[in-house]
Amino acid sequence: MAGTDVFTEIVDGEQVYKYYADGEWKKSASGKSVSIVNPTTREPQYKVQELACVIRFHCGSIFFIVFLCLVDWVFGTACTQEEVNKVMEASKAAQKLWARTPLWKRAEHLHKAAAILKEHKAPIAECLVKEIAKPAKDAVTEVVRSGDLVSYTAEEGVRILGEGKLLVSDSFPGNERSKYCLSSKVPLGVVLAIPPFNYPVNLAVSKIAPALIAGNSLVLKPPTQGAVAALHMIQCFHLAGFPKGLISCVTGKGSEIGDFLTMHPGVNCISFTGGDTGIAISKKAGMIPLQMELGGKDACIVLEDADLDLVASNIVKGGYSYSGQRCTAVKVVLVMESVADAVVEKVKAKMAKLSVGSPEDDCDITPVVSESSANFIEGLVMDAKEKAATFCQEYRREGNLIWPLLLDHVRPDMRIAWEEPFGPVLPVIRISSVEEGIHHCNASNFGLQGCVFTRDINKAILISDAMETGTVQINSAPARGPDHFPFQGLKDSGIGSQGITNSINMMTKIKSTVINLPSPSYTMG
Ligand code: G3H
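The structure presented is a predicted model; accordingly, all values stated were derived computationally and were not measured.

**A closer look at the sheet that holds strand β6 (residues 165-168)**
Spatially, the 3 strands line up as an open sheet ordered β6-β7-β27, and their pairing is antiparallel. Each of the sheet's edge strands pairs with one partner strand only, and the pair in question is β6 and β27 (508-516). With strand direction ignored, the average angle separating the axes of adjacent strands in the sheet is 25 degrees. Of the strand pairs in this sheet, β6 and strand β7 (residues 179-187) are connected by 4 bridges, and their pairing is antiparallel. Bridged to valine 168 within β7 is tyrosine 180.

Here is the structure:
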């Protein structure tokens, strides 16, 4: 299906996509595959290798486990823990050489990968359309943005990793100028990257590129839904000629492969974007640096003096683009009562213009990623209905396709006031004071982003200071990009800060070399 010859080697004769290790496309000895269901047709679309790594003790008997191992051995379906171990070993060995590869050469490889990625934007975007129902134009944008991110990371890496620091000892009390400390940034080792389904290419390269420019090797575990797009992207890196073993991509269900990877002793850093699985990972991971982005309940606070047309267009863009399946989507509107009617009317008018349908037709609202997601969203809607929220449109669902819905007069006792639908459903809570809005925002377990709309910049800054979120946008909907901006969440929204510069720094540590000079008397006579 891949569309161009360069992708033929990544899939086998039975149309199962291979995994990537040691510079080659391989079939897993597990003999298992995972089906990827197209969210629009709800039919199986692709298959990827399943590296099943869990040894289950379900029979509670060592004899049964020995029996299973024998079956595996006889029938050639050996447990693929061994394959993952090999990936980690190759990754470690490749990293040692890569760390000694000149920085400018590492950057050159990344620039090449970026160009190849952009050149093949069409087949990769096609996968995004079929695997995650991303609207066609947004799918292309994701790939192009990814290429730009890789190039920018190469340039930024050359700048910031090319600099070190020199300290002299006599600035600290009691010391002579007898020591010079040279410090610079060195790689961590093997970085494990786990991106989410909603940006399987972009949020993969936002981890891959900083890891590589900093001299690390990289093991990618793509989301199941989005894995095929990610495998195409990896082929672009392969074609760019990176050394064997430096980049690997292992596929399989998180429930099968997740713990084995995240707790693997060969992993020196984890960069994860996704749901609350990240909290479990952070509890199990050893003493290694973590970068986590785990969702949000981004609040949009609207003051009385706001430009209400600007507010409405940002609520619609922020709340409904990619059907609300963005961690930075507007997820609750907190609007001053005096302007609430006007805001709701303007938002409704703009929502009426949203097209609803298939991603191939580039509709604004497309099916959500899975039936279970659609069921979860529906559960939030029904809870709001029972508790008498005002439905601004009729609730409508066909399969995984949910029509955009604005719920007015939502109160704090409704689940949708706090939970993240990750769908095209947006609650409006009317507030009687700004403090009430800030209080609601800060009472959330999440703290990713938020936004405030007002013409008074002083008020906006005070509100931004009071909101417990990693970023506050003034007069615009939340967003991660531009991709070199710092991006971080507080509380359950994450650990560490992302954005190109911060990710490069996070994937390095400081190494110091101290030059101890002879005492001054040696030279002064
Ligand atoms: O879904 C989480 C992403 O980090 C959001 O990125 O703001 O570019 O849509 P975005």
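So much for the structure itself; the text now carries on.
**Some words on the domain arrangement of the protein**
Taken domain by domain, the protein consists of domain 1 (5-293) and domain 2 (299-487). Computed from C-alpha atoms alone, the centre-to-centre distance between domain 1 and domain 2 is 32 Å. Opposite the 22 residues of domain 1 that make contact, domain 2 presents 24 residues. In this assembly, domain 1 packs against domain 2 so that about 1900 Å² is buried in total across both faces, 56% of it on carbon and sulfur atoms. Contact with domain 2 buries area across many residues of domain 1, yet Pro135, Phe197 and Glu293 alone supply 25% of it, more than any other trio. On inspection of domain 1 and its partner domain 2, the count reaches 2 salt bridges.

**Quick notes on the pairing of strand β8 (residues 190-194)**
Burial analysis of β8 places 5 of its 5 residues in the buried class, the great majority of the element. Here β8 shows no split at all, with Val190, Leu192 and Ile194 on one side and Val191 and Ala193 on the other all buried. Where β8 lies against strand β9 (residues 217-220), 4 bridges are found, and the strand directions are parallel. Residue pairing for β9: leucine 192 is matched across the bridge by valine 219.

**Quick word on unusual backbone geometry**
A cis amide bond links glycine 481 to the next residue, proline 482, at an omega of -5 degrees. With respect to the secondary-structure elements, proline 482 resides in the loop between β22 (471-474) and β23 (487-488). The backbone phi angle of serine 323 is positive, close to 55 degrees, even though this residue is not glycine. Along the polypeptide, serine 323 turns up in the loop between α10 (308-320) and β14 (330-336). For aspartate 362, which is not a glycine, the phi torsion comes out positive at approximately 60 degrees.

**Looking at the side chain of lysine 18**
Along the polypeptide, lysine 18 turns up in the loop between β1 (16-17) and β2 (19-21). No salt bridge is formed by the buried lysine 18, whose closest oppositely charged neighbour, glutamate 9, lies at an N-O distance of 6.7 Å. A distance of 3.3 Å separates a polar side-chain atom of lysine 18 from the backbone oxygen of glutamate 9. Among residues more than four places away in sequence, those in contact with lysine 18 are Glu9, Ile10, Val11, Asp12, Trp25, Lys26, Lys27, Gln49 and Leu231.

**Focus: the nonpolar core**
Counting residues in each nonpolar core, the largest one holds 69 residues, and the members touching the most others are Leu212, Leu220, Met233, Phe237 and Phe242. The element best represented in this core is helix α7 (residues 227-239), accounting for 9 residues. Shared between two domains, this core holds at least three residues of each, these being domain 1 (5-293) and domain 2 (299-487). The contacts of phenylalanine 237, once residues within four sequence positions are left out, are Leu110, Ala113, Val150, Val205, Ile208, Leu212, Phe242 and Ile247. Val316, Val332, Ala340 and Leu380 belong to the second largest nonpolar core, which has 59 residues in total.

**Looking at the sheet that holds β1**
On the basis of which strands lie adjacent, the open sheet formed by 3 strands has the order β1-β5-β4 and mixed pairing. The outermost strands of the open sheet, each flanked by one partner alone, are β1 and β4 (33-37). The pairing of β1 with strand β5 (residues 44-49) spans 2 bridges and is classified as parallel. Along β5, the bridge assignment pairs tyrosine 17 with valine 48.

**Focus: the confidence of the model for the protein**
On average, residues of the protein carry a pLDDT of 94, and 93% of them reach 70 or more. Residue range residues 55-79 is modelled with pLDDT below 50. Its contacts to residues more than four positions away, or to other chains, number 19 contacts.

**Notes on the site of the ligand**
Near the ligand, the surroundings consist of Arg145, Asn198, Tyr199, Leu203, Glu293, Arg326, Cys327, Thr328, Ala479, Arg480 and Phe487. Interatomic distance of 2.7 Å between a side-chain N/O atom of arginine 326 and an oxygen atom of the ligand. In isolation the ligand offers 310 Å² of accessible surface; the protein chains occlude 96% of this area. Taken together, the residues that form the shell around the ligand break down as 5 nonpolar, 2 polar and 4 charged. There are two domains that each give the shell around the ligand at least three residues, and those are domain 1 (5-293) and domain 2 (299-487).

**Notes on the pattern of salt bridges**
One pass over the full model with this rule turns up 23 salt bridges. Notably, a salt bridge pairs lysine 118 with aspartate 148, separated by 2.4 Å at the nearest N-O pair. Of this pair, lysine 118 sits in helix α3 (residues 103-119) while aspartate 148 is found in helix α5 (residues 136-161), placing the two residues 30 residues apart along the sequence. Using a relative accessible area of 31% as the deciding quantity, one classes lysine 118 as partly exposed. When salt bridges with common partners are traced through the structure, they connect Glu337, Asp341, Asp408 and Arg430 into a single cluster.

**Regarding the packing of aromatic side chains**
Within this structure, the stated rule accounts for 5 aromatic pairs. A centroid spacing of 5.9 Å and a plane angle of 85 degrees characterise the contact between tyrosine 17 and tyrosine 46, whose relative ring orientation is edge-to-face. Taken together, the positions of tyrosine 17 in strand β1 and tyrosine 46 in strand β5 put the pair 29 residues apart, joining distant regions of the chain. By relative accessible area, which is 2% here, tyrosine 17 ends up buried. Aromatic pair phenylalanine 197 and phenylalanine 422: ring centres 6.0 Å apart, planes at 70 degrees, arrangement edge-to-face. Taken together, the positions of phenylalanine 197 in the loop between β8 and α6 (202-213) and phenylalanine 422 in the loop between β18 (405-408) and β19 (425-431) put the pair 225 residues apart, joining distant regions of the chain. Using a relative accessible area of 19% as the deciding quantity, one classes phenylalanine 197 as buried. The buried category is assigned to phenylalanine 422, whose relative accessible area is 19%. Among the aromatic residues, ring-to-ring pairing joins Trp98, Phe237 and Phe242 into one connected group. In this arrangement the basic side chain of lysine 134 is found over the ring face of tyrosine 199, its NZ or CZ atom lying 3.9 Å from the centre.

Calculation criteria
Residues numbered from 1 in each chain as written. Predicted model: local features only at pLDDT ≥ 70, side-chain atom pairs only at ≥ 80, totals over all residues. Heavy atoms only, no water. Pairing = 2+ DSSP bridges. Helix = DSSP H or I, 4+ residues; strand = E, 2+ residues; numbered from the N terminus. Axes fitted to C-alpha atoms, helices over the stretch in contact; angles between N-to-C directions. Domains from an automatic or database assignment. Contact = heavy atoms within 4.5 Å. Buried area = accessible area lost by both parts, 1.4 Å probe. Salt bridge = Lys/Arg side-chain N within 4 Å of Asp/Glu carboxyl O. Buried < 20%, exposed > 50% of the residue type's maximum accessible area, 1.4 Å probe, protein only. Lys, Arg positive; Asp, Glu negative; His and termini not counted. Polar contact = N/O pair within 3.5 Å; in protein donor to acceptor, adjacent residues only side chain to side chain. Core = buried A, V, L, I, M, F, W, Y, C linked by side-chain atoms within 4.5 Å. pLDDT = per-residue confidence, 0-100. Near = heavy atom within 4 Å. Areas by Shrake-Rupley, 256 points an atom, 1.4 Å probe, with all protein chains shown as cover. Nonpolar A, V, L, I, M, F, W, Y, C, P; charged D, E, K, R; others polar. Phe/Tyr/Trp six-rings, centres within 6.5 Å; stacked < 30°, edge-to-face > 60°. Lys NZ or Arg CZ within 6 Å of the ring centre and 35° of its normal.

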